[in-house]
Amino acid sequence: MSLLISNAIIVNEGKSFCGSLVIENGFITDIIDEKTITQRHFEEVVDASGCFVLPGLIDDHVHFREPGLTNKADIESESRAAAFGGVTSFFDMPNTVPQTTSLETLNEKFALGKEKSHVNYSFFFGATNDNVELFSQLDPHRIPGIKLFMGSSTGNMLVDREESLNRIFSTATLPIMVHCEDTATINRNMADAKTKYGDDPEIIHHPEIRSEEACYASTALAVQLAKKYGARLHVAHLTTACELSLFESWKDSMPIITAEAVIAHLYFSDKDYTTLGTKIKCNPAVKTEHDRDELRKALTDGRISVVGTDHAPHLLSEKQGGCANAASGMPMVQFSLVTMLELTDKGVLSIERLVQLMCHNPALLFEVNQRGFIRKGYKADIVIVKPNSPWTVTEDIIQSKCKWSPLLGHTFNWKVIHTFCNSIHILNNGVFDNSCLGEEIKFR
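Quick caveat: nothing in here was measured; it's all calculated off a predicted structure. Within every chain, residues take consecutive numbers counted from 1 along the sequence as written. pLDDT decides what is reported in this predicted model: residues at 70 or higher carry local features, side-chain atom pairs at 80 or more are listed and counted, and totals for whole chains, interfaces and linings draw on all residues regardless. The basis for the side-chain values is all heavy atoms of the structure; hydrogens and waters are excluded.

Caption draft 1: Representation of the sheet that holds strand 11 (residues 176-180) within the structure. Here, any two strands with at least 2 DSSP bridges between them count as paired. Numbering goes from the N terminus for both helices and strands, where a helix is a DSSP run of H or I of at least four residues and a strand is a run of E of at least two. If you trace the six strands from one edge of the open sheet to the other, you get 9-10-11-12-13-14, paired in parallel fashion. Only two strands of the sheet have a single partner each, and these edge strands are strand 9 (125-126) and strand 14 (306-308). Strand direction decides the pairing type here: strand 12 (residues 233-235) and strand 13 (residues 257-262), joined by three bridges, are parallel. From the neighbouring strand, His234 faces strand 13, where its bridge partner is Thr258.

Caption draft 2: A look at the sheet that holds strand 6 (residues 57-62). Pairing within the open sheet is parallel, and its three strands lie in the order 6-7-8. Edge positions in the sheet fall to strand 6 and strand 8 (120-123), since each has one partner strand and no second. The mean angle between the axes of side-by-side strands here comes to 20°, regardless of whether they run parallel or antiparallel. Two strands pair when backbone bridges link them, and strand 6 and strand 7 (residues 87-92) are joined in this way by four bridges, in the parallel orientation. Looking across to strand 7, one finds that Ile58 is bridged to Ser89. Helix axes are fitted to C-alpha atoms over the stretch in contact, other axes to C-alpha atoms as well, and angles between N-to-C directions run from 0 to 180 degrees.

Caption draft 3: Molecular detail of helix 11 (residues 351-365). For helix 11, spanning 15 residues, the distance from its first C-alpha to its last is 20 Å, which sits close to the expected 21 Å at 1.5 Å a residue. What we call the bend at a residue is the angle made by axes fitted to the seven residues finishing there and the seven residues starting there. Along its length, helix 11 shows its largest kink, about 35°, at Leu357. Each residue is assigned to one of three classes by its accessible area relative to the maximum for its type, calculated with a 1.4 Å probe on protein chains only: buried under 20%, partly exposed between the two thresholds, exposed over 50%. Counting buried residues in helix 11 gives 12 out of 15 residues, a clear majority hidden from the surface. Ile351, Arg353, Leu354, Val355, Leu357, Met358, Cys359, His360, Asn361, Pro362, Ala363 and Leu365 are the residues of helix 11 that are buried. Just downstream of helix 11, Glu367 is the residue with a positive phi angle, here 55°. Here the expected length of a helix is defined as 1.5 Å per residue gap, with one fewer gap than residues.

Caption draft 4: Highlighting helix 3 (residues 162-171). Taken as a whole, helix 3 has its buried residues at Ser164, Leu165, Asn166, Ile168 and Phe169. In this description, contact between two residues means that some pair of their heavy atoms is separated by no more than 4.5 Å. At its buried positions, helix 3 is contacted by strand 10 (146-150), strand 11, helix 6 (212-229) and strand 12.

Caption draft 5: How the structure looks around the pattern of salt bridges. Counted as salt bridges are all cases of a side-chain nitrogen of Lys or Arg within 4 Å of a carboxyl oxygen of Asp or Glu. Under the defined criterion, the tally for this structure stands at 19 salt bridges. Put simply, Glu342 and Lys346 hold a salt bridge, and the shortest N to O gap is 3.4 Å. Lys346 gets classed as exposed once you look at its relative accessible area, which sits at 53%. Between Asp381 and Arg371 there is a salt bridge, and its shortest N-O distance comes to 2.8 Å. In this pair, Asp381 is assigned in the loop between helix 11 and strand 15 (382-386) and Arg371 in the loop between helix 11 and strand 15, connecting sequence segments 10 residues apart.

Caption draft 6: Quick look at the packing of aromatic side chains. By convention, a stacked pair of Phe, Tyr or Trp rings (six-membered ring in the case of Trp) has centres within 6.5 Å and planes under 30 degrees apart, an edge-to-face pair has planes over 60 apart, and any other such pair is tilted. Under the definition given, this model contains 15 aromatic pairs. Summarising the aromatic geometry, the rings of Phe125 and Phe135 are spaced 6.4 Å apart at their centres and angled 90° between planes, so their arrangement reads as edge-to-face. With Phe125 in strand 9 and Phe135 in the loop between strand 9 and strand 10, this residue pair connects regions lying 10 residues apart in the sequence. In this structure, Arg142 is placed above the aromatic ring of Phe110, and the distance from its NZ or CZ to the ring centre is 4.0 Å. Seen from the ring of Phe373, Arg375 lies directly overhead, with NZ or CZ sitting 3.8 Å from the centre. Any Lys NZ or Arg CZ that is within 6 Å of a ring centre and within 35 degrees of that ring's normal is treated as a charge sitting over the ring.

Caption draft 7: The pairing of strand 11, seen in detail. Burial runs high along strand 11: five of the five residues are buried. As defined by bridge partners, strand 10 adjoins strand 11 across five bridges and the pair is classed as parallel. Each residue of the ladder has a partner; that of Phe149, found in strand 11, is His179. Relative to strand 12, strand 11 runs parallel, the two sharing three bridges. In the strand pairing of strand 12, Ile176 is matched with Leu233.

Here's what the structure looks like:
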């Protein structure tokens, strides 16, 4: 299979330049100036005039809900949504049913990925209070790291015993990705809110319950433990300005302590609860405009290293109620790239920085093999996007199984035109190749 992507504006490694890509047998074989293209024959030629060519996105944080929760999402539907959004690789979280906290359940997840995923896949191993002894048996070439819930007892995976935390941070050699919220603070805040507002407080109180204090206390503890033991720490979905003080800018060399921001907290603020209600309820909570704006600033100064989605579908019926009863999480993987491109139009960050945060840095942080860059010899995971191509999010466009989005009715200016996964043209101007299956991601 030979493919030429021509007349492109290629965005890669801090630069944007006009050029063409030659792809053969699943790999990028040449990155060339337009003037040097010969008359050689290609099996497929894609004219990318007026478009930007980026590496396929690596989403380090998704919940595709399989096994056990497939009424709301599954690997097939959500990996299809990923491809529609230009995401060609994902790392799935362990709070499924059963949880991915044993070698057996981890291997079962890989079997499901091989059978069903349209894009490239891997799976985090979940830490519990009692499974540290399994860490030494994990294959570092197959998984990105260990997921730890230090608060917010998602799927009963809460680890908050001091002894267990010390064992995890002192034992793990893989990156530890941590959900940081202090459970005691949240429980105290919820009790106070119920006293004031009733058994199911209105959604506007969610950031008071899942508060700044709860986030900072837990994140500070994780950073303290990582420094104590020299552990490789990646803090998921930062939401507050004060937490940013715990992270150094990533400039010349990668720090051992890094942070992720996700689309919900970069795009929405607490003012949006009045119009979107529980559709933007997630844990940690969407917080103030000030917090959102400070997170946006941190995208360009290096304190935020990665932008993911925390893609977490629920049925719309499960999103009914308030702080106590409505499910937390939203489907975002299909719209992450176009949302961030909207922020480039607003001057929040450059397109080159977007590619660093959503392609290069996930590959560097988790030591992904041959993906995340447009380089000779790398896998041909490519997305082509076009500016000035307005389209509106409608229900029929949504690929996620739950069939809703907090962005329903929103008009985007950028559009994903083509997605290539391992050189396979999986999305071609709205036409999806349902036969395409991704590959297991390799690390280190």
